[in-house]
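Below, each chain spelled out in residue letters.
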Amino acid sequence: MNLILLGPPGVGKGTQAKLLIEKFGIPQISTGDILRAAVKEQTPMGVEAKRYMDSGALVPDSVVIGIVEERLAQADCAPGFILDGFPRTVAQADALKGVLAGLKRGIDHVISLSVDSQELLTRLTGRRACAKCGAVYHVKFAPAKLEGICDACGGALFQREDDKEETIMKRLTVYEEQTAPLISYYRDASLLRSVNGLGTVDGVQAEILAQIQG
Ligand code: AP5
Ligand code: ZN
């Protein structure tokens, strides 16, 4: 199963990807997570990417296309993959098509998640992540048992640099301008499966499964 999770910042792509990994036993490829790891390690790519990410802009296509091309060629992607946060521009979608054709593979479904912008803002401003294991929480919708401490590993929870309100507004504008055109791109290719992202995490997951298995 080769899947793309498409949707605006905070819609729940990462949350849903984690459940799909368990269900299908295929890896999640999150360009955001890969870039944040590079920033943390201060690799040359990470140092370059940080400037864009902190301001809410997209990292240049050439950088992220290279990351995904390399990742898709790895053995654990053979049974399938879940792309989360990629592609984000028409140029990235075109490049992905070329890379997959070279691997004699294709996309099965593009799951397009949506919620209203007020909900996106609430989800993003309340998101917290574990510095140690990466688990994602929400102060209201998915709180940790002990405030500021990860249930899974005891690590400290932090707020992402780009989850400040001003940067969120910029990310939402960038999404509308550069990523939303992919909805019609994939609808035209008959790959689009639209899912309402409002509701419980399990409810959204059930709707995704109904769309891809139905
Ligand atoms: P990236 O990390 O991809 O961020 P994003 O797309 O903005 O998405 P998010 O991670 O913010 O949200 P999500 O949809 O995964 O939501 P989540 O599940 O966490 O990208 C970050 C930056 O990296 C970009 O701005 C760019 O600079 C760069 N980048 C990455 N990919 C790139 C690319 N391809 N090209 C160029 N640049 C790239 O959920 C959010 C919150 O809501 C959580 O707290 C969660 O607990 C909660 N929640 C989830 N589901 C529900 C629910 N059903 N009900 C209530 N709360 C919920
Ligand atoms: Zn943790």
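Residues numbered from 1 in each chain as written. Chains lettered and ligands numbered in written order. Predicted model: local features only at pLDDT ≥ 70, side-chain atom pairs only at ≥ 80, totals over all residues. Heavy atoms only, no water.

Going by what an unreviewed UniProt entry lists, the chain is known as Adenylate kinase and is assigned to Geomesophilobacter sediminis. UniProt's Pathway (unreviewed entry) comment on the chain is quoted here verbatim: "Purine metabolism; AMP biosynthesis via salvage pathway; AMP from ADP: step 1/1." (UniProt positions renumbered as here; feature names shortened; annotations may be inferred.)

Some points on the coordination of the zinc ion (ligand 2)
Under ideal tetrahedral coordination, the four donors around a metal are separated by 109.5 degrees; under ideal octahedral coordination, the six donors are separated by 90 or 180 degrees. The protein atoms that coordinate the zinc ion (ligand 2) are Cys130 (SG), Cys133 (SG), Cys150 (SG) and Cys153 (SG), at distances spanning 2.3 to 2.4 Å. For the zinc ion (ligand 2), the four donor atoms in the first shell make angles of 96 to 115° at the metal, so the coordination geometry reads as tetrahedral. Among the residues examined, Cys130 registers a relative accessible area of 3% and is labelled buried. For Cys153, a relative accessible area of 29% gives the class partly exposed. (Donors = N, O, S within 2.8 Å, 3.2 Å for Na, K, Ca; no water. Tetrahedral: all angles 85-135°; square planar, octahedral: opposite > 155°, others 65-115°. Buried < 20%, exposed > 50% of the residue type's maximum accessible area, 1.4 Å probe, protein only.)

A short note on the sheet that holds strand β1 (residues 2-6)
Read from one edge of the open sheet, five strands run β2-β3-β1-β4-β8, paired in parallel fashion. Bordering the open sheet on either side are β2 (28-30) and β8 (192-196), each of which pairs with just one other strand. Pairwise comparison of adjacent strand axes, ignoring direction, gives a mean angle of 20° for this sheet. Pairing of strand β4 (residues 109-114) with β8 involves five bridges; the strand directions are parallel. Across the sheet, Ser114 pairs through a bridge with Asn196, a residue of β8. (Pairing = 2+ DSSP bridges. Helix = DSSP H or I, 4+ residues; strand = E, 2+ residues; numbered from the N terminus. Axes fitted to C-alpha atoms, helices over the stretch in contact; angles between N-to-C directions.)

A look at helix α2 (residues 31-41)
If you check which residues of α2 are buried, you get Thr31, Gly32, Leu35 and Ala38. Taken down its axis, α2 places every buried residue within 125° of arc, on the same side. Those residues of α2 that are exposed and angled more than 90 degrees off the buried face are Lys40 and Glu41. Gln42 sits one or two positions beyond α2 and adopts a positive phi of about 55°. (Arc of directions from axis to C-beta.)

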